[in-house]
Amino acid sequence: MSDTTPAPCAPEDVRRIACIGAGVIGGGWVAHFLARGYDVTAWDPAADAEEKLRRLVAAAWPALEQIGLADGASQDRLTVAPTLAEAVADAQFVQESAPEKLELKRALLAELDAATPPGVVIASSTSGYPMTDMQTDAGTPSRLVVGHPFNPPYLIPLVEVVGGERTDADAVAWSSRFYDVAGKSVITMDRELPGFIANRLQEALWREALHMVANGEASVEDIDASITEGPGLRWAFMGPCLTFALAGGEGGMAHMLDHFGPSLKSPWTRLEAPELDRKLRDAMVDGCEAAAGDRTYADLVAERDQGVIDVLRATGRLGGTAR
């Protein structure tokens, strides 16, 4: 890394990870890293953070046991530090998962940069901010990268990696390799893009769903069923582009575009977000509550986790060996 000392170890040799922020995403990262056999030190400013974090890890552990734990993996390898500085004092990699507030991210990344040993890469779990906007106050911004996961990070393989304008290319390459070693499926982005790749696709689908509910065109239940019983079954193992290519038969995407291209001019989607007024908000909340029925949040999380495991197993994507 050009303006920092060299990384203290190779991605394959990392053993100690610091997770800063222990909410749903940060806690999910903790569970993932523990399951992969790392020693994890966490820090979160909330008074009840440790209790909630250990509860989250315990709840995730049965799913992780099904996937397969690394040799030596244990919940006992989690330490919760009293201060940020103590959490990162001997870290070989840092994963930051603070709330999505730009000024908070800027200040926290600057503080992490000052406290973390030289050369250690610091990754942010931000779901939308470009690293260029977050690294402005850091003394050595060259080691700051985005490592954007998907919820829950201990089950969903994808992580999108990208640097900012002041990030060293070596830090991006090191991070991508580290995540790969740590059992993630990595997309290393060529350039910054607000919202990254997957979130932009999710957001387009979400906005159209909101429009349909707002206009009384479809219920929440119908919208969810249209994906789980339809294209979602294909998207679990084949993305939208290749799926559409198959719609072209032996002619592939070329035939598909020639044949169906004119429909792009049809008024099928409205990509601008609808006004999220109280009526639409209530309709979404009521619809989801009705869909959940008597299932608690814990029930739904367990159901989701099992569903992801079943899809991963069915599509042969549980092959990664534990460290």
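Residues numbered from 1 in each chain as written. Predicted model: local features only at pLDDT ≥ 70, side-chain atom pairs only at ≥ 80, totals over all residues. Heavy atoms only, no water.

**Observations regarding the overall build of the protein chain**
Within the protein chain one finds 13 helices and eight strands. Relative to the 2.2 N^0.38 estimate, which gives 20 Å for 323 residues, the radius of gyration of the protein chain is 21 Å and therefore close to what a compact globule would have. Out of the 323 residues in the protein chain, the part that is buried amounts to 41%. The long-range share in the protein chain, meaning contacts at least 24 apart out of those at least 6 apart in sequence, stands at 72%. Here the protein chain contributes 28 positively and 47 negatively charged side chains, and the mean placements of these two sets differ by 1 Å. (Helix = DSSP H or I, 4+ residues; strand = E, 2+ residues; numbered from the N terminus. Rg over C-alpha atoms; globule rule 2.2 N^0.38 Å. Buried < 20%, exposed > 50% of the residue type's maximum accessible area, 1.4 Å probe, protein only. Contact = heavy atoms within 4.5 Å. Lys, Arg positive; Asp, Glu negative; His and termini not counted. Charge placed at Lys NZ, Arg CZ, Asp CG, Glu CD.)

**Quick look at the nonpolar core**
Among the nonpolar cores identified, the biggest contains 40 residues, and Val30, Phe33, Tyr38, Phe93 and Phe178 are the most heavily contacted of them. Looking at this core, the elements with two or more residues in it are strand 1 (16-20), helix 1 (24-35), strand 2 (39-43), helix 2 (49-67), strand 7 (158-163), helix 6 (169-181) and helix 13 (297-314). With sequence-adjacent residues up to four places away left out, phenylalanine 33 is seen in contact with Ile17, Cys19, Tyr38, Val40, Phe93, Gln95, Phe178 and Ala182. Membership of the second largest hydrophobic core comes to 23 residues, among which are Ile20, Val94, Ala98 and Val146. (Core = buried A, V, L, I, M, F, W, Y, C linked by side-chain atoms within 4.5 Å.)

**Thoughts on the environment of tryptophan 268**
Inspection of the secondary structure puts tryptophan 268 in the loop between helix 11 (252-260) and helix 12 (278-292). The sequence separation of tryptophan 268 and glycine 72 amounts to 196 residues, and the corresponding C-alpha distance is 52 Å. Excluding residues within four positions of it along the chain, tryptophan 268 makes contact with Glu208 and Ser263.

**Structural notes on the pairing of strand 1**
The element strand 1 is largely enclosed, with a buried count of four among its five residues. The parallel pair strand 1 and strand 2 is bridged by helix 1, and the resulting crossover is right-handed. When strand 1 meets strand 4 (residues 93-96), the two strands line up parallel, connected through four bridges. Bridge pairing in strand 4 links alanine 18 to valine 94. (Right-handed = clockwise from strand over helix to strand, strands pointing away. Pairing = 2+ DSSP bridges.)

**So, the side chain of serine 175**
With respect to the helices, strands and loops of the structure, serine 175 is situated in helix 6. The buried category is assigned to serine 175, whose relative accessible area is 0%. Filtering out sequence-adjacent residues up to four positions away, serine 175 remains in contact with Val121, Val145 and Val161.

**Observations concerning the environment of alanine 35**
With respect to the helices and strands, alanine 35 occurs in helix 1. On the basis of relative accessibility, which here comes to 6%, the residue alanine 35 falls in the buried class. Considering only alpha carbons, one finds alanine 35 and leucine 64, 29 residues apart in sequence, at a separation of 6.6 Å. In contact with alanine 35, other than residues within four places in its own chain, are Trp61, Leu64, Leu69, Ala70 and Ala73.

**Overview of helix 1**
Helix length check: helix 1 (twelve residues) gives 16 Å between terminal C-alpha atoms against 16 Å at 1.5 Å per residue, within 8%. Within helix 1, ten of the twelve residues are buried, which leaves the element mostly enclosed by the surrounding structure. Residues of helix 1 that are buried include every one of Gly26, Gly27, Gly28, Trp29, Val30, Ala31, His32, Phe33, Leu34 and Ala35, and no others. Of the residues trailing helix 1, glycine 37 is marked for its positive phi of about 95 degrees. (Expected span 1.5 Å × (residues − 1).)

**So, unusual backbone geometry**
That bond from asparagine 151 to proline 152 is cis: its omega, 0 degrees, falls within 30 degrees of zero. Counting through the fold element by element, proline 152 comes out in the loop between strand 6 (144-149) and strand 7. For phenylalanine 196, which is not a glycine, the phi torsion comes out positive at approximately 65 degrees. Mapped onto the elements, phenylalanine 196 comes out in the loop between strand 8 (185-188) and helix 7 (198-214).

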